[in-house]
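# Architecture and fold: a report
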Amino acid sequence: QVQLVESGGALVQAGGSLRLSCTASGNILSAFMMGWYRQAPGKQRELVATVSRTSSTNYAESVRGRFTISRDNPKSTVYLEMNSLQSQDTGVYYCNAKGETPGVLGTNYWGQGTQVTVSS
């Protein structure tokens, strides 16, 4: 069982920046594809960004060029750097881990979420 703990959510003005962190229990982050998702009030959870085990990244069109996802395997932490925040970025941000190596293949874990509120 892997536990994911997010932090860094806050209330910020439009145009501002935030950095979210997601720390995983154990020292096995390298076995997982990591991602950030978000859910706005009344909407479905949506993909924000992913970073593969080889650090290849993928972004939703709405955040490309403003957000940067990165991973630090020795620290068991994934980051989401968010710049030029807009009111549409408001929501609960969730960290996700998908197992990709023998022993964890097929597993899927979620954090408890961290609230990001962007005021206009």
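No experiment lies behind these values; they were computed from the predicted model shown.

Another point: the packing of aromatic side chains. Under the counting rule described, the total for this entry stands at two aromatic pairs. Over the ring of Tyr 94 we find Arg 45, and its NZ or CZ is 3.7 Å from the ring centre. When the ring centre of Trp 110 is taken as origin, the NZ or CZ atom of Arg 45, which lies over that ring, is 4.6 Å away.

All right, on to the side chain of Glu 6 then. Structurally, Glu 6 can be placed in strand β1 (residues 4–7). The charged side chain of Glu 6 is buried without a salt bridge, its nearest counter-charge being Arg 45 at 7.5 Å. Polar side-chain contacts of Glu 6 include one of 2.7 Å to the backbone nitrogen of Cys 95. Here Gly 113 takes part through its backbone nitrogen, which lies 2.9 Å from a polar atom of the side chain of Glu 6.

Thresholds applied
- Residues numbered from 1 in each chain as written.
- Predicted model: local features only at pLDDT ≥ 70, side-chain atom pairs only at ≥ 80, totals over all residues.
- Heavy atoms only, no water.
- Phe/Tyr/Trp six-rings, centres within 6.5 Å; stacked < 30°, edge-to-face > 60°.
- Lys NZ or Arg CZ within 6 Å of the ring centre and 35° of its normal.
- Helix = DSSP H or I, 4+ residues; strand = E, 2+ residues; numbered from the N terminus.
- Buried < 20%, exposed > 50% of the residue type's maximum accessible area, 1.4 Å probe, protein only.
- Lys, Arg positive; Asp, Glu negative; His and termini not counted.
- Salt bridge = Lys/Arg side-chain N within 4 Å of Asp/Glu carboxyl O.
- Polar contact = N/O pair within 3.5 Å; in protein donor to acceptor, adjacent residues only side chain to side chain.

Read these as layout, nothing more, since geometry by itself doesn't imply function.
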